[in-house]
Structures are given as C-alpha cells and as structure tokens.
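# Analysis of the macromolecular model
Here is what each chain is made of, one letter per residue.
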Amino acid sequence: LQVSGGRCEDCKGRGEILLTMKFLSDARVVCETCEGKRYKEELCDIEYKGLNINQVLDLTIDEALEHFRFQKKIAKRLKPAVDLGLGYLRLGQPTLSLSGGENQRLKLITYVLKQQNSQSLLILDEPTRGLHFADVEALLKVLRGIVEQGATVICIEHNTDVIEMADWVVELGPKA
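Residues numbered from 1 in each chain as written. Predicted model: local features only at pLDDT ≥ 70, side-chain atom pairs only at ≥ 80, totals over all residues. Heavy atoms only, no water.

It is worth spelling out the pattern of salt bridges at this point. Counting across every chain of the model gives nine salt bridges. Its salt-bridge partner being Arg90, residue Asp58 comes within 4.0 Å of it at the nearest N-O pair. Linking Asp58 in the loop between α2 (53-57) and α3 (61-67) with Arg90 in the loop between α4 (72-83) and α5 (100-113), this pair joins segments that are 32 residues apart in sequence. Judged by relative accessible area, which is 37%, Arg90 ranks as partly exposed. A salt bridge links Arg69 to Glu66, with the nearest nitrogen and oxygen atoms 2.5 Å apart. Salt bridges sharing partners connect three or more residues here, namely Arg7, Glu9 and Lys12. (Salt bridge = Lys/Arg side-chain N within 4 Å of Asp/Glu carboxyl O. Helix = DSSP H or I, 4+ residues; strand = E, 2+ residues; numbered from the N terminus. Buried < 20%, exposed > 50% of the residue type's maximum accessible area, 1.4 Å probe, protein only.)

For α5, with 14 residues, the first-to-last C-alpha span of 21 Å sits near the 20 Å given by 1.5 Å per residue. Contacts made by the buried residues of α5 are with α4, β5 (121-125) and α6 (133-148). (Expected span 1.5 Å × (residues − 1). Contact = heavy atoms within 4.5 Å.)

What follows is about the pairing of strand β6 (residues 152-156). Looking at chain direction, β5 and β6 are connected through five bridges and run parallel. Looking at β6, one finds that Leu121 is bridged to Thr152. What joins β5 to β6 is α6, and the crossover it makes is right-handed. (Pairing = 2+ DSSP bridges. Right-handed = clockwise from strand over helix to strand, strands pointing away.)

Here Glu102 shows up in helix α5. This buried residue, Glu102, is left without a salt bridge; Arg105 holds the nearest opposite charge, at 4.9 Å. Within polar-contact distance, the side chain of Glu102 engages the side chain of Tyr88 at 2.5 Å. (Lys, Arg positive; Asp, Glu negative; His and termini not counted. Polar contact = N/O pair within 3.5 Å; in protein donor to acceptor, adjacent residues only side chain to side chain.)

Taken together, Leu19, Met21, Phe23, Leu24 and Val29 make up a surface patch of nonpolar side chains, about 530 Å² in accessible area. Topologically, Leu24 is positioned in the loop between β1 (16-19) and β2 (27-30). Classification of Leu24 as exposed rests on a relative accessible area of 62%. (Patch = residues over 30% accessible without salt bridge, like charges linked within 9 Å, V, L, I, M, F, W, Y side chains within 5 Å. Areas by Shrake-Rupley, 256 points an atom, 1.4 Å probe, with all protein chains shown as cover.)

Where like charges cluster on the molecular surface, the negative patch consists of Glu35, Glu41, Glu42, Asp45 and Glu47. As for its position among the elements, Glu41 is in helix α1 (residues 41-44). (Charge placed at Lys NZ, Arg CZ, Asp CG, Glu CD.)

No statement about biological role is implied by the geometric values presented.
Structure (structure tokens):
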C-alpha cells in the first residue's frame, strides 16, 4: 500500500514528518499535505463496505476481523493475532509504539501462517512480560499448537505457567 502513486509523497505514507533537532530529541509532527491520512485524497475517497483506507487502518484487529469475516484470505491473516491476544492493536498502528512482547507475538503470526515443519526452532525472550494472565493463556495455547506440529520452542521465561508447560527446564544463575 505504501508505494509511489497512492501514498502521500511528502511523508512517504507515514502520516507524520520527522523533525531532526541538533540538541533536542527528534520530534514527529502530522504531515500538513495529507493531514496524517497517509494517502492521496483520491485514494481516500475509495470505500469498501462503507470504509475508506483510513477508517480501515483505524480499526482494531478485533473490529477488522468482524468487518472482513466473509473475506476468507483477510480473516485467515487476522485470526492468529486475535488468538495471540493482540486484537486490541490498530491495523495502522506504528510498530515503534509496540512493546517487545507485542512485537514478538506479531512475529509469531507470520510463523503460524507459514507451513510449519519439525525442523523449525523458535527462540522467544520473555514473551509473557507485562501480559495479563488471559493473554498468557492465549499465547501458551498457540505455542502448544506449534509444538504439536513438531517445532521446537526455546523460551527464556520467568512465568511459572510457561515453566510448568515446558518439557525441559534449564535453570541458570546463582544457586540454580
């Protein structure tokens, strides 16, 4: 979507401009050309099922799954995010605003969507950090499915629910 022709060329489809300051932190301001919409006006006039591109990008993943439930290809790509407890994220949300755990779970989605095999190895670094217990359970359910398909998951973790689920536990540190 963010290629020449449809995107705002001033902000390159980001909706904001980065102002680099010499002695201060960089600042981000809304693009004056597109007013933060990210796309050219003629593209924003196109609607699908009552929503234009900006409105779609403002949907949460949960809302998008409901809106596109009859579009099998779209729903198939959104479902793993909901299964991993990421349904609250907005489709157009910048990745810089995501936590480390959210980024790890988003990366898991691409793995879940690909064909898995017994040669796969996933290494996760504290994927449950900061998660609500319901989200931890959702993550564990997905990880169980990955392991049942034959992949190996190595997880650096302190959460006792994850440790209890493990086939093998290696404890490192003083007095381990």
